[in-house]
Amino acid sequence: MKPMGPIPPEFAGQAGMLTIAGTRADDWLARHGSPLFVYDPAIVAARVARFRAAMPAAVDLHYAVKANPFPPMIAAVAPLVHGLDVASAGELAKALAVKPAAAISFAGPGKRDSELAAAIAAGATLNVESEGEARRAIAIGELAGIAPRLAVRVNPDLELRGSGMKMGGRASPFGVDAERVPALVKAIVAGGAVWRGFHIFAGSQALDADALTETQAATLALAARLADESGHAPPLVNLGGGFGVPYFSGDTAVDVERIGAALAERLAARAGVLADSAFAIELGRWLVAEAGVYLTRVVDRKESRGETFLVVDGGLHHQLAASGNFGTVVRRNYPLAVAGRMGAEATEEASVVGCLCTPLDRLGDKVMLPRAQEGEAIAVFLAGAYGLSASPAGFLGHPAPAEVVAGAG
Ligand SMILES: *Cc1c(COP(=O)(O)O)cnc(C)c1O
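About the criteria used
Residue positions within a chain follow its written sequence, with the count starting from 1. The predicted nature of this model means local features are confined to residues of pLDDT at least 70 and side-chain atom pairs, given and counted, to a pLDDT of 80 or more, with totals for whole chains, interfaces and linings taken over all residues. Side-chain descriptors were evaluated using all non-hydrogen atoms of the structure, hydrogens and water having been removed beforehand. Note: domain ranges come from an automatic or database domain assignment. By definition, residues are in contact when any of their heavy atoms lie within 4.5 Å. Throughout, buried area stands for the accessible area (probe radius 1.4 Å) lost by two parts on being put together, summed over both. By convention in these notes, a salt bridge is any Lys or Arg side-chain nitrogen within 4 Å of a carboxyl oxygen on Asp or Glu. Under the convention adopted here, Pro, Cys and the residues Ala, Val, Leu, Ile, Met, Phe, Trp and Tyr are nonpolar, Asp, Glu, Lys and Arg are charged, and Gly plus all remaining residues are polar. Nearness is judged by heavy atoms alone; a residue qualifies as near a molecule or strand once a single heavy atom is within 4 Å of it. By the criterion applied in these results, polar contacts are pairs of N or O atoms within 3.5 Å in which, for protein atoms, one can donate a hydrogen and the other can accept it, and in which residues neighboring in sequence qualify only through two side-chain atoms. Residue exposure ignores everything except the shown protein chains as possible cover, and the areas themselves are Shrake-Rupley values with a 1.4 Å probe. Think of it in three bands: with a 1.4 Å probe and only protein chains considered, a residue is buried below 20% of the maximum accessible area for its type, exposed above 50%, and partly exposed in between. Under the scheme used here, helices are H or I runs from DSSP no shorter than 4 residues and strands are E runs no shorter than 2 residues, and both carry numbers assigned from the N terminus. By this definition, two strands are paired if DSSP reports at least two bridges between them.

Engineer: Can you help me understand the domain arrangement of the protein chain in this one?
Structural biologist: In many analyses, interface size is given as the accessible surface area lost on bringing the parts together. The domains assigned to the protein chain are domain 1 (9-39 + 289-405) and domain 2 (69-283). The partner domain 2 presents nine residues to the 14 residues of domain 1 that form the contact. Each partner contributes to the roughly 1100 Å² buried at the junction of domain 1 and domain 2, and carbon and sulfur atoms together form 71% of this total. Put simply, domain 1 and domain 2 have zero salt bridges between them. In terms of residue class, the side of domain 1 that touches domain 2 is built from eight nonpolar, three polar and three charged.

In structure tokens:
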């Protein structure tokens with residue numbers, strides 16, 4: 001038997017048939033087919049409310065669209081947050097459908113000229129990732145007769161301790177090395193662009209409030225130093241994000257209140273050069289991961305050499321992260337349940353495997369579950385972020401699953 005991560009609080013106490021946004025899982029499946037992603041925007045709204053109550057009012061909340069770019073989901077999240085952060089022209093177009101350009105910023109390496117032009121024409125902010133990208137953006141703006149809104153993504157000389165994905169403190173394709181930022185800011189201002197400030201993202205999927213607080217403090221200090229050295233105060237300092245969610249056994253939720261209290265103190269004592277700056281935290285998975293459930297039906301129950309396999313009609317082509325093949329070194333189990341037997345005693349050890357012809361396609365490895373029959377649905381929790389859009393949906397040519405946002409038409 002191997003442990004599973006904790007079922008998110010909104011679903012953990014349920015008994016009998018799983019309900020998502022007040023509707024039974026079997027009703028969702030009857031309406032939309034299996035496999036299926038269901039997202040509950042009320043859970044996102046609860047996360048936003050918690051963030052707002054915990055964080056100083058001066059800190060805006062941005063949604064990192066790549067965590068879940070399903071258009072009805074972006075539309076559900078957009079009114080709850082101050083800004084949308086995008087990472088491609090495709091995401092930019094989706095964001096522009098639901099948010100004014102002034103509230104959209106575009107980060108990410110390798111922005112093509114057509115992407116820079118689309119952002120400049122729309123009036124979105126570009127977080128430039130290199131000197132060359134800044135030069136191209138200014139040239140494109142000149143041709144278009146529009147002053148581009150430019151911020152600098154900084155490759156910080158600091159990293160987020162305990163982060164699932166470290167982004168700082170080393171050579172990186174992301175951002176401009178901190179020591180070269182002041183010269184670039186001067187060039188951006190001299191080039192006639194609208195100076196928008198700094199974007200400093202130090203890591204992702206961190207659960208330790210103290211590590212996050214430490215990183216925020218270092219980020220503020222870095223922003224102040226870069227502002228001093230460049231001679232231009234940043235209108236906005238995007239402090240990054242990195243708030244994680246508990247995916248695995250032993251993980252605990254981020255203590256957002258503790259982070260907010262510490263950040264309020266740091267902001268109150270910030271350097272004079274940042275006195276008039278706005279601040280933002282950009283979050284993806286913390287806002288949406290727990291709002292999503294992936295439902296997939298058992299096609300076959302089989303025994304092999306003493307082990308039980310529940311073969312489902314979904315798999316890693318929809319939910320790569322739960323199979324352990326998206327940025328994790330050691331495979332561990334996401335929380336799973338038999339959707340019709342919530343709260344029932346777990347009486348058998350089984351592995352939940354997908355329908356792809358590869359041993360990588362395992363959604364649950366030797367987990368304890370109530371006995372599930374063929375036709376019953378397995379729920380994979382924490383499927384709201386980096387699910388379908390971060391999975392190799394074309395692999396093996398199975399049909400795409402439906403996605404549905406509860407309450408959205
Ligand atoms: C991916 C990304 C995010 C979102 O990360 P989460 O772990 O989903 O919160 C935020 N900022 C940048 C720059 C990113 O690339």
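Engineer: I keep staring at the site of the ligand and nothing clicks. Help me out?
Structural biologist: Every residue near the ligand is listed here: Ala64, Lys66, His199, Phe201, Ser204, Glu282, Leu283, Gly284, Arg285 and Tyr386. Measuring from an oxygen atom of the ligand, one finds a side-chain N or O atom of serine 204 at 2.5 Å. Residue glycine 284 places a main-chain N or O atom 2.9 Å away from an oxygen atom belonging to the ligand. In the complex, the protein chains occlude 89% of the 380 Å² of accessible area that the ligand would expose alone. Looking at the shell around the ligand residue by residue, the class counts come to four nonpolar, three polar and three charged.

Engineer: When you look at the pairing of strand 14 (residues 278-283) in this model, what are you seeing that I'm missing?
Structural biologist: Look at any regular strand and the pattern is simple: side chains alternate between the two faces of the sheet. For strand 14, a buried count of five out of six residues is recorded, marking the element as mostly surrounded by other parts of the structure. The pairing of strand 4 (residues 59-64) with strand 14 spans five bridges and is parallel. Opposite valine 59, over in strand 14, you have phenylalanine 279 as the bridge partner. Note that strand 13 (residues 236-238) and strand 14 share three bridges and pair parallel. Within strand 14, the position partnered with asparagine 238 by the bridge is alanine 280.

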